[in-house]
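Here is what each chain is made of, one letter per residue.
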Amino acid sequence: MTETTTIIDQLLRQELKHVMHRDVDKFLDLLFLIIEEHKCVVGRILEECKKGRKWKEGKWIEFPRDGSKEKDFYSPFALIANFVIQRAVKRKPDIVLFNRNHVIQKRYEEVVYWSNIHVIEEIKRTCQSDNISTDLELAGYVWEIFGNQHNRRFVLGFTLCGGFMRVWLFDRSGGISLNRIDIYHDPTMFIRVITGFATMELFQLGYDTTIMDLLLRLGCIEIEKWDKQRPENKKTERFALIETIFHRAVISGRETICWRAYHLDEDGKEMTDKEFVIKDSWRSISRKNTEGNLLKKATNALKHIPDTQIVKYYHHEDVTLIDGNSQDKNVDDTFTYIRKQLHLFLDSISSNNMTTARENCSNENYTSDRSSGRSKSSGFFKEQNFYFVGKTQLREPEYRIYTRLITSTCGKPIYHFNDQVELLTALYDAIEGHRNLFRIANILHGDISLYNIMIGADGRGFIIDLDYAIDLGFDQSSATDCDQKKDAPCYRTGTLPFMAIEILNHNAKHTFQHDLEFFFYVLCWICSEYKGSRGKLRARDCK
């Protein structure tokens, strides 16, 4: 195991330790809606498995016994799965079921890339391996898929440990799995899962169908803009995605990705005179003020100022998908649309997990240490309702909504400055933009960091990212320091290395002074971490 792989495993364990829920009731019925016709298909396939000498007297003929060598499971499982799939859809299966290390290199001659995988699996040789350690191995593959498939909303996968199968769904709220399936005692359920994967539409497999194919480009999106006072002015606009300029690959979290984009005219030609930035992310449903609303408010409040030093708003929306069956449009979110309003009863899940752990005699548990701080923290201070599984704390998932924001200001990160003058000019401009945002738009940014200060093509700086901004709701230009401390909401926001000391040490109310301290730490970080211009890092062993 390489050092990089070890670090990724540690980060995944940290990220998912509270939000991987096993043995969720009714999960399978919601994932694979079954009707009488499907029952007949499953029954017919089982009969064909018997005739094809795949199933006989309570066992899959070619499948090795529990405890055999792990590599002995790969080929038999692939043969059985493909046998089932071909009889379900009557075509060559386009579902990818493989073990990364063995099937790519030994079973198949062609290389299968992460960008081409629909469903992922992890195979272990014994039923005792049905534990959290194996779940995290599967999550590691899911992380790779999310990192390579920028149009992926969620990922389906499963583990097969001996004769036990466990289906997982990973989305931006974490992971959930159904009760494990004994493929020997319940072959129809096994067939139902495999055929379900093979017959799903792309949006059911977790793909974002709002990102359409476009020749020689990363994709194309459409938006609908209209004036609420004049609905007849509604129009459709198209954008070509030129390149990915930022992507933070996570499983549970915002999963922010930004593209540089061009407008497309009515004939589909790119209008290259103006660049846009399209930002897709999964915002928490608990956030009352969305980034799009706040940025729109700021842009309107500052429209009379020539140089606001703030990214300019163009459009925002909650992404909607068209259901393949009903053709209805639905807002894409992890609770209602992806998990089908599946409520998690944590005390029941906790009990099931402890039972499973005792059956497996496994000592694998998540660690219970605090977050490393690679993620941002936000929201009001409040107690969480936790349930324990051994050493593991489970908690209610943070449900999220798929959001798209389009801005008309492009630039490069501040640490890619050309020289010291440009660096200091950009930092000064960003502070000026923060002042405009605070005093005129009545919005406190709340998350100044190395990644939220940009330099435009003209060499001037501006601030972006109002994900964690606070709408103060009153005129801060006339408020006293005492008023600010009294009335500002009790938020704790920021990116850990740049957060003000008072925010870190105390339950302090976030004020503009704290954000100014954030700016100071950004400058300190650049001076200590970067050797010179254009993002050149210092050697790690330098003093």
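The structure this text deals with has already been given above.
Presented here is a report on the structure given in the accompanying data block. Computed from a predicted model, the values in this text were never measured in an experiment.

## Overview of the overall build of the protein chain
What the protein chain contains, in helices and strands, is 14 helices and 23 strands. Across the protein chain, contacts joining residues at least 24 apart in sequence account for 68% of those joining residues at least 6 apart. Total accessible area computed for the protein chain in this model is approximately 27,300 Å², and 50% of it derives from carbon and sulfur atoms.

## Brief notes about the sheet that holds strand E22 (residues 461–463)
If you trace the three strands from one edge of the open sheet to the other, you get E19-E21-E22, paired in antiparallel fashion. This sheet does not close on itself; its edge strands, each paired only once, are strand E19 (412–413) and E22. For E19 and strand E21 (residues 453–455), the ladder comprises two bridges, and the chain directions are antiparallel. Bridge assignment links lysine 412 to a residue of E21, and that residue is isoleucine 455. Strands in contact with helix H11 (residues 420–439) are E19, E21 and E22; relative to E22, the strand with the most contacts, it is inclined by about 40°.

## Some remarks on the nonpolar core
Residues Phe27, Trp60, Phe77, Met165, Phe190, Ile191 and Phe197 are the most contacted members of the largest nonpolar core, which totals 61 residues. Ranked by residue count, the leading element in this core is helix H4 (residues 71–89), at eight residues. Counting contributing residues, this core receives three or more from each of domain 1 (3–205) and domain 2 (209–344 + 394–409). Beyond its immediate chain neighbours, meaning those up to four positions away, phenylalanine 27 contacts Val167, Trp168, Leu169, Ile176, Ser177, Leu178 and Leu342. In terms of nonpolar packing, the next biggest core, distinct from the first, is built from 37 residues, Ala298, Leu450, Met454 and Ile526 among them.

## A look at a positive patch on the surface
Together, Lys531, Arg534, Lys536 and Arg538 give the surface a local cluster of positive charge. By secondary structure assignment, the location of lysine 536 is in the segment after helix H14 (512–529).

## Re H11
Helix length check: H11, at 20 residues, gives a terminal C-alpha distance of 29 Å against a target of 28 Å (1.5 Å per residue), a fit within 8%. Among all positions of H11, only Glu422, Leu423, Ala426, Leu427, Asp429, Ala430, Gly433, His434, Asn436, Leu437 and Phe438 are buried. The opening residue of H11, the one whose side-chain oxygen lies 3.2 Å from the backbone nitrogen of valine 421, is aspartate 419.

## Digging into the packing of aromatic side chains
Applying the stated criterion to the full structure yields 17 aromatic pairs. On the numbers, 5.3 Å between centres and 75° between planes, the contact of phenylalanine 239 with phenylalanine 276 is edge-to-face. Within this pair, whereas phenylalanine 239 is found in strand E10 (residues 230–247), its partner phenylalanine 276 is found in strand E12 (residues 270–284), the two being separated by 37 residues in sequence. The exposure class of phenylalanine 239 is buried, given its relative accessible area of 0%. Geometrically, the ring pair formed by phenylalanine 438 and phenylalanine 512 is tilted, given 5.0 Å between the ring centres and 40° between the ring planes. Placement of the pair is phenylalanine 438 in helix H11 and phenylalanine 512 in helix H14, with a sequence separation of 74 residues.

What counts, and where the lines are drawn
Residues numbered from 1 in each chain as written. Predicted model: local features only at pLDDT ≥ 70, side-chain atom pairs only at ≥ 80, totals over all residues. Heavy atoms only, no water. Helix = DSSP H or I, 4+ residues; strand = E, 2+ residues; numbered from the N terminus. Contact = heavy atoms within 4.5 Å. Areas by Shrake-Rupley, 256 points an atom, 1.4 Å probe, with all protein chains shown as cover. Pairing = 2+ DSSP bridges. Axes fitted to C-alpha atoms, helices over the stretch in contact; angles between N-to-C directions. Core = buried A, V, L, I, M, F, W, Y, C linked by side-chain atoms within 4.5 Å. Buried < 20%, exposed > 50% of the residue type's maximum accessible area, 1.4 Å probe, protein only. Domains from an automatic or database assignment. Patch = residues over 30% accessible without salt bridge, like charges linked within 9 Å, V, L, I, M, F, W, Y side chains within 5 Å. Salt bridge = Lys/Arg side-chain N within 4 Å of Asp/Glu carboxyl O. Lys, Arg positive; Asp, Glu negative; His and termini not counted. Charge placed at Lys NZ, Arg CZ, Asp CG, Glu CD. Expected span 1.5 Å × (residues − 1). Polar contact = N/O pair within 3.5 Å; in protein donor to acceptor, adjacent residues only side chain to side chain. Phe/Tyr/Trp six-rings, centres within 6.5 Å; stacked < 30°, edge-to-face > 60°.

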